[in-house]
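# Remarks on the overall topology
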Amino acid sequence: MEAKTIFEVRRWTSLFLQENNRETGVGELLLQHHLGMTRAQLFANARDEVSVDVRQKIELNLRQHVAHGTPVQHLIGTEEFYGRLFKVNQDVLIPRPETEELVLGILNRLKQKGMFSVPLTCVDIGTGSGIIATTLTKELPHATMYATDISTEALQVAEQNAHALDATVQFRQGNFLAPVIDEEATFDVIVSNPPYIPERDRDSLSDVVRDHDPSLALFAGEDGLAAYRRIIEQLPSVVKKDTLLALEIGHDQRHTVPTLIEATFPNAQIEVEQDINQNDRMVFAWLSK
Ligand SMILES: C[S@@+](CC[C@H](N)C(=O)[O-])C[C@H]1O[C@@H](n2cnc3c(N)ncnc32)[C@H](O)[C@@H]1O
């Protein structure tokens, strides 16, 4: 095999992905992973040679991605979230950048209310890889954090991530808030990025999402609202005098989710926020018992 530089391999991966109608950024992520370099280092060392061994690994990964839609995060085993690296696999949703905005929205509101450095009890419902619970634990050093998931396999990944990042999280297996209701816990912050895609939209998803993220993490009944309904039904047992509820929502759920909240908490102060792509993405609500 003739020698190739980082620059040439990057260009080749980009063309190969383009010809196969895939995102071209995947090649760069594979180069970073297999060379152990940051994006900036790839550019700074663009004239360095890439070994045959690394090129073969990258090519194999690219072919898996093109043929089966295998997400690059499954090929490399990690994804970054809020500046930290989390293990991911087929048992958990791959962390999305929109969810970083949900975390930021919580932290900003707690700061505004002067609740940032006080002891808080928080719960992350449907924790998946544990990104929200672990990040909040790291960012809110005085918080006691609980996290639930119905999937024992997801909880194993979440536990590994929390442990690797030295975050103490009380993980519980069960149906949304049920395990913490059983413990009679109440919370200052309740956060969830629950499944919210309507079953009827299954076929419109890309194969990268539909065939590789767990169905349990994606779909929530015919109208996409099943998880919100169940969580909101459970909320009265766990709210305090002043509880922040933070929910990630689908881009077309800006009216339906607040309506569900108001039906149970008529005095809730609700705000809907858009993500960086200007899609309605987050609902923040101050609830009181
Ligand atoms: C959209 S994923 C979010 C995962 C993670 N919080 C994130 O933001 O990347 C939804 C999660 O809810 C979990 N889930 C689905 N149904 C559940 C239920 N009835 N009770 C608890 N968790 C559930 C799934 O297993 C999945 O991990």
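What counts as what
- Residues numbered from 1 in each chain as written.
- Predicted model: local features only at pLDDT ≥ 70, side-chain atom pairs only at ≥ 80, totals over all residues.
- Heavy atoms only, no water.
- UniProt positions renumbered as here; feature names shortened; annotations may be inferred.
- Helix = DSSP H or I, 4+ residues; strand = E, 2+ residues; numbered from the N terminus.
- Buried < 20%, exposed > 50% of the residue type's maximum accessible area, 1.4 Å probe, protein only.
- Contact = heavy atoms within 4.5 Å.
- Near = heavy atom within 4 Å.
- Polar contact = N/O pair within 3.5 Å; in protein donor to acceptor, adjacent residues only side chain to side chain.
- Areas by Shrake-Rupley, 256 points an atom, 1.4 Å probe, with all protein chains shown as cover.
- Nonpolar A, V, L, I, M, F, W, Y, C, P; charged D, E, K, R; others polar.
- Pairing = 2+ DSSP bridges.

The chain goes by Release factor glutamine methyltransferase in an unreviewed UniProt entry, where it is assigned to Pontibacillus yanchengensis. Per UniProt, the comment on the chain under Sequence similarities (unreviewed entry) is "Belongs to the protein N5-glutamine methyltransferase family. PrmC subfamily." In its Function (unreviewed entry) section, the UniProt record describing the chain reads: "Methylates the class 1 translation termination release factors RF1/PrfA and RF2/PrfB on the glutamine residue of the universally conserved GGQ motif."

### A word on the environment of Pro-95
By secondary structure assignment, the location of Pro-95 is in the loop between strand 4 (84–87) and helix 6 (97–112). The exposure class assigned to Pro-95 is buried, which follows from its relative accessible area of 5%. Beyond its immediate sequence surroundings of up to four residues, Pro-95 is in contact with Glu-79, Phe-81, Val-88, Ser-129 and Ile-131.

### Comments concerning helix 7 (residues 131–139)
Counted residue by residue, helix 7 has seven buried out of nine residues, so it is predominantly covered. Every buried residue of helix 7 is listed here: Ile-131, Ile-132, Ala-133, Thr-134, Thr-135, Leu-136 and Thr-137.

### Overview of the site of the ligand
Around the ligand sit 18 residues in total, of which Gly-126, Asp-149, Asn-175, Phe-176 and Asn-193 are the nearest. Phe-176 has a polar backbone atom sitting 2.7 Å from a nitrogen atom of the ligand. Compared with its free state, where it exposes 590 Å², the ligand has 94% of that area covered by protein. Those elements that place two or more of their residues in the shell around the ligand are helix 7 and helix 11 (215–218). The class makeup of the residues in the shell around the ligand is nine nonpolar, eight polar and one charged.

### Side note on the UniProt feature "binding site: substrate" (unreviewed entry) in the chain
In the numbering adopted here, UniProt assigns the feature "binding site: substrate" (unreviewed entry) to Asn-193, Pro-194, Pro-195 and Tyr-196. With residues up to four places along the chain from it excluded, the contact list for Asn-193 reads Leu-93, Thr-99, Ile-125, Gly-126, Ile-132 and Glu-248. Residue position: Tyr-196 is located in the loop between strand 8 (187–192) and helix 10 (207–210). Overall, the relative accessible area of 15% leaves Tyr-196 in the buried class. In this structure Tyr-196 touches Leu-218, Ala-220, Gly-224, Tyr-228, Glu-248, Ile-249, Gly-250, Gln-253 and Arg-281, once residues within four positions along its chain are discounted.

### A look at the pairing of strand 8
Residues in a regular strand project their side chains so that they alternate between the two faces of the sheet. With respect to burial, strand 8 is a largely interior element, six of its six residues being buried. Sheet topology note: the strand 5 (residues 120–125)/strand 8 ladder contains four bridges and is parallel. Across the sheet, Cys-122 pairs through a bridge with Val-189, a residue of strand 8. Of the pairings in the sheet, the one linking strand 8 to strand 9 (residues 239–248) comprises five bridges and is parallel in character. When the bridges of strand 9 are listed, Ile-190 appears paired with Leu-245.

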